[in-house]
Amino acid sequence: MGLTVTRSPDGKIITLAIQGQFQFALHREFRDAYLGVTQPGCEFDVNLAATDYMDSSALGMLLLLKEHANQYGSRVVLVSPSSAIRRVLEIASFEQLFAIKS
Amino acid sequence: MAADFHVKNAVRWRAGLTLLTGASVGYGLALLFLGTGWLWPMLLLLAAVVLGWLAVHCSARATEAHEAHFAARAAPGLADFCRGLDQTVGEELRAIDEEIARTQALLRDSVALLTGGLQAIAMQSGVQQGIVRAVLNRAESTDQVKGVNVRNFAQDVGRMMSDFVDLLIQVSVQSLTTVHNIDDMVEQTEAIFAAVDEVQGLAKKTNLLALNASIEAARAGEAGKGFGVVADEVRKLAQISETINDRIRERMVGAKESIDRVRETVAGMASRDMNECIGAKAQVQDLLTSVEKINSEFTDHAAEMGGVAQHIEQAVGDSIRSLQFEDIVRQALDDARLRGELLRQLASELQRAAALSASPEELLVLMQRFRDTHGEKVGRGIVSQTSMDAGSVQLF
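Positions within a chain are numbered from 1, following the residues in the order the chain's sequence is written. Whichever chain is written first is A, and whichever ligand is written first is 1; the rest continue in order. For this predicted model, a pLDDT threshold of at least 70 governs which residues receive local features, and a threshold of 80 or more governs which side-chain atom pairs are given and counted, while totals over whole chains, interfaces and linings are taken from all residues. Side-chain measures here rest on the full set of heavy atoms in the structure, leaving out hydrogens and waters.

Caption draft 1: Quick look at the overall build of chain A. Elements are defined by DSSP. Helices are runs of H or I of four residues or more, strands are runs of E of two residues or more, and each kind is numbered from the N terminus. Assigned secondary structure in chain A consists of three helices and six strands. Ordering the α and β elements of chain A from the N terminus gives β-β-α-β-β-α-β-α-β. In chain A, which comprises 102 residues, the share counted as buried stands at 50%. Put simply, 68% of the contacts in chain A that link residues at least 6 apart link residues at least 24 apart. Buried residues are those whose accessible area, probed at 1.4 Å on protein chains only, stays under 20% of the maximum for their type, while exposed residues exceed 50% and partly exposed ones sit between those limits. We call two residues in contact whenever any of their non-hydrogen atoms come within 4.5 Å of each other.

Below you can see the structure in the form of structure tokens.
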């Protein structure tokens, strides 16, 4: 369980991979992962392949990430959500707000 | 009949006479054996002889009469034959007429009943179709009117669910922002704690310095007396400042505890399980789906019922048209009766002619003329209709 942050060599793609439960406990780590990225035209890939649970604070964190990305002309992509995670995203109508890559 | 009577009479006579002959012989022989004299037995035997002759005579007559009777039977008169024919034909035709009349009455009643029943079915089917149409119209108008309607209700609930989820996420975002701000603030309080610690270190050092100054003042004696007073004041001030510092730290610790509690509460607001919402939304979706299904099934069934009513109407129409067979059958029966009547006429004409001692040849001529006159008429009366197919029904 936890968050792993990796950056592409050019620093344009920041991957945030969440293992296990994506919930409030991760908020500080998650925020710290993007707060310093103020370079324009970046892509934040939130990898949800290994995520098995998501609560409303996770949705809130994603929205705050999006807000930050918008502020600096970057974008957010949700990558490989499982069917259970996809249901949570659907009920929040996130497919209209985020690009989702299977 | 008269010949028959004579034959029976002759046979009766012969039997009686034979019996008397036998009795006379028997009685005479009995008297002879009993020895009552010769006269009576002889008389009785004589009588037996006479009776025997009479019996033989009667037998001959009976045979003659019998033969004559059979001869008469073998060759009856043409008139008798025609009379018998007329009689038999009359009786049979009366029976046939009765049967035809009975069949026609039965047919009339049954067809009337059937027609009435079919018309009632057609009427009821029309009423049923009207009811279905009314129900359909009502369902459609309730759909249009914004009122208590399951579909609207389900859609409203779905909308409310979405709003609720949006609100939940919004609360999470705000709570997270608040928590982030609190965290930033906690970082600031950590700096305050550090500053307080520095102040405390300064107070302690001041206190120590003041203590040293007091000691040096005491060693200087009278000359250092004034300096000693100042050093004591400084020391007191250092102690007071340490006390104040402790109070600040105490308050700060209290404030930090409060902040932690607020953080905890706000964090609780940020974290909500989404599974309940997902379950509720799925239920609403199921409800909507089943309402749609019921609705479309209802519409389909109503349309089917309309189709069924049309089929019933058509089938009833066909059936009523088919009932025209009554007319065909009645006509055929009338025709049969007419033919019977002609047969009766022919029989009575033959009988009349034979009674006037017409020869067989004359009777044949009579029959031929009759056939020439009426044969065609009868043939034309027969209804050629044999099929009940729609469109080929003859109307009479």
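Next comes the rest of the account.
Caption draft 2: Here's a closer look at the pairing of strand β2 (residues 13-22) of chain A. Residues and elements named next belong to chain A. Here strand β1 (residues 2-7) pairs with β2 via six bridges, running antiparallel. Bridging across to β2, Arg7 finds its partner in Ile14. Between any two strands, at least two bridges found by DSSP are needed for them to pair. Counted between consecutive antiparallel strands, the loop separating β1 from β2 contains five residues, among which Gly11 sits at a positive phi close to 75 degrees. When the strands point away from the viewer and the path from the first strand over the helix to the second turns clockwise, the crossover is right-handed. On the question of chirality, the crossover connecting β2 to the parallel strand β3 (residues 43-47) by way of helix α1 (residues 27-35) is right-handed. Pairing analysis gives three bridges linking β2 to strand β4 (residues 51-54), with the strands arranged parallel. In the sheet register, Phe22 faces β4, and the bridge partner there is Met54.

Caption draft 3: Region of the structure containing the pattern of salt bridges. All names here are of chain A. Basic side-chain nitrogens of Lys or Arg form a salt bridge, by our definition, when they fall within 4 Å of a carboxyl oxygen of Asp or Glu. According to the stated counting rule, one finds 20 salt bridges over all chains in the structure shown. With a closest N to O distance of 3.0 Å, Arg75 and Glu43 form a salt bridge. Separated by 32 residues along the polypeptide, Arg75 in strand β5 (residues 75-79) and Glu43 in strand β3 bring together distant segments of the chain. Owing to a relative accessible area of 17%, Glu43 belongs among the buried residues under this scheme.

Caption draft 4: Highlighting the UniProt feature "transmembrane region" (unreviewed entry) in chain B. Residue and element names in this part refer to chain B. According to UniProt, the positions carrying the feature "transmembrane region" (unreviewed entry) are residues 12-32 and 38-56. This span, residues 12-32, is 100% helix and 0% strand, and a straight line between its end C-alpha atoms measures 30 Å. End-to-end, the C-alpha atoms of residues 38-56 are 27 Å apart, and along that stretch the chain is 95% helix and 0% strand. UniProt positions are given in the numbering used here, feature names are shortened, and annotations may be inferred rather than shown by experiment.

Caption draft 5: Region of the structure containing the confidence of the model for chain B. All names here are of chain B. When pLDDT is averaged along chain B, the result is 81; 85% of the residues meet or exceed 70. Per residue, pLDDT captures the predictor's confidence, and it can take any value from 0 to 100. Looking at the elements of chain B, mean pLDDT is at its lowest for helix α1 (residues 2-34), recorded as 71, and at its highest for helix α5 (residues 225-270), recorded as 92. When the criterion is pLDDT under 50, residues 379-396 qualifies, and its contacts beyond four places in sequence or with other chains add up to 26 contacts. Per the prediction output, this complex has pTM 0.53; the corresponding ipTM is 0.91.

Caption draft 6: Fine view of the side chain of Asn207 of chain B. All names here are of chain B. Mapped onto the secondary structure, Asn207 falls in helix α4 (residues 150-219). Taking the relative accessible area as the measure of exposure, Asn207 reaches 19% and is therefore buried. Filtering out sequence-adjacent residues up to four positions away, Asn207 remains in contact with Arg235, Ala238 and Gln239.

Caption draft 7: Local environment of the interface of chain A and chain B. Between chain A and chain B, the residue contacts involve 20 residues of the former and 22 residues of the latter. By buried area we mean the combined loss of accessible area, with a 1.4 Å probe, across both parts when two parts are placed together. Taken over both partners, the interface formed by chain A and chain B buries close to 1900 Å², and the fraction arising from carbon and sulfur atoms is 67%. Contact with chain B buries surface across chain A, with Phe24, Ser56 and Ile91 of chain A losing the most and accounting together for 34% of the total. The tally of links between chain A and chain B comes to three salt bridges. Between Asp184 of chain B and Arg31 of chain A there is a salt bridge, with its nearest N and O atoms 3.5 Å apart. Polar contacts, as used here, are pairs of N or O atoms within 3.5 Å; protein pairs need one atom able to donate a hydrogen and one able to accept it. Residues neighboring in sequence count only if both atoms are side-chain atoms. At the boundary of chain A with chain B, the tally comes to 10 residue pairs in polar contact (both at pLDDT 80 or more). Of all the elements in the fold, those that place two or more residues in the side of chain A that touches chain B are α1, β4, α2 (56-71) and α3 (83-91) of chain A. The dominant element in the side of chain A that touches chain B, judged by the number of residues it contributes, is α2 of chain A, at seven residues. Polar here means any residue other than Ala, Val, Leu, Ile, Met, Phe, Trp, Tyr, Cys and Pro, which are nonpolar, and Asp, Glu, Lys and Arg, which are charged; Gly is therefore polar. Of the residues belonging to the side of chain A that touches chain B, the class tally is 11 nonpolar, four polar and five charged.

Caption draft 8: Fine view of the nonpolar core. As used here, the term nonpolar core means buried Ala, Val, Leu, Ile, Met, Phe, Trp, Tyr and Cys residues forming a set that is joined through side-chain atoms within 4.5 Å. The biggest cluster of nonpolar side chains holds 44 residues, and the ones touching the most others in it are Phe22, Phe30, Phe44, Val46, Met54, Leu59 and Leu62 of chain A. The element that contributes the greatest number of residues to this core is α2 of chain A, accounting for seven residues. When near neighbours in sequence (up to four residues on either side) are disregarded, Phe44 of chain A contacts Ile14, Leu16, Tyr34, Val37, Leu65, His68, Ala69, Ser74, Arg75, Val76 and Val77 of chain A. Of all hydrophobic cores here, the second largest spans 10 residues; its members include Ala353, Ala354, Leu363 and Phe370 of chain B.

Caption draft 9: Seen up close, the packing of aromatic side chains. Residues and elements named next belong to chain A. Aromatic contacts are taken between Phe, Tyr and Trp rings whose centres are within 6.5 Å, Trp giving its six-membered ring; a plane angle under 30 degrees counts as stacked, one over 60 as edge-to-face, and the others as tilted. Counting across every chain of the model gives three aromatic pairs over all chains. Centre to centre, the rings of Phe22 and Phe30 are 5.5 Å apart; their planes meet at 45 degrees, and the pair counts as tilted. Judged by its relative accessible area of 0%, Phe22 is buried. A ring pair is formed by Phe30 and Tyr34, whose centres lie 5.9 Å apart and whose planes are at 75 degrees; its orientation type is edge-to-face. On the criterion of helical spacing, the pair formed by Phe30 and Tyr34 is a turn pair, its members being four residues apart in helix α1. Here Phe30 and Tyr34 have matching classes, each one buried. An aromatic cluster of at least three residues, connected via ring pairs, comprises Phe22, Phe30 and Tyr34. Two limits define a charge over a ring: the Lys NZ or Arg CZ must be within 6 Å of the ring centre, and within 35 degrees of the ring normal. Taking the ring centre of Phe98 as reference, the NZ or CZ of Lys66 above it sits at 5.6 Å.

Caption draft 10: Structural detail: the packing of α3 of chain A against helix α6 (residues 275-322) of chain B. Where α3 of chain A meets α6 of chain B, the closest approach of the two axes is 10 Å, and the angle between their N-to-C directions is 75 degrees. Our classification of the angle between α3 of chain A and α6 of chain B gives roughly perpendicular. For the pair α3 of chain A and α6 of chain B, the contacting residues are Arg87, Val88, Glu90 and Ile91 of chain A in the first and Cys277, Ile278 and Lys281 of chain B in the second. With axes taken as lines fitted to C-alpha atoms, and helix axes fitted only over the stretch in contact, angles between N-to-C directions fall between 0 and 180 degrees. Angle categories are assigned with fixed cut-offs, so that under 35 degrees is roughly parallel, over 145 is roughly antiparallel, 65 to 115 is roughly perpendicular, and the rest are oblique.

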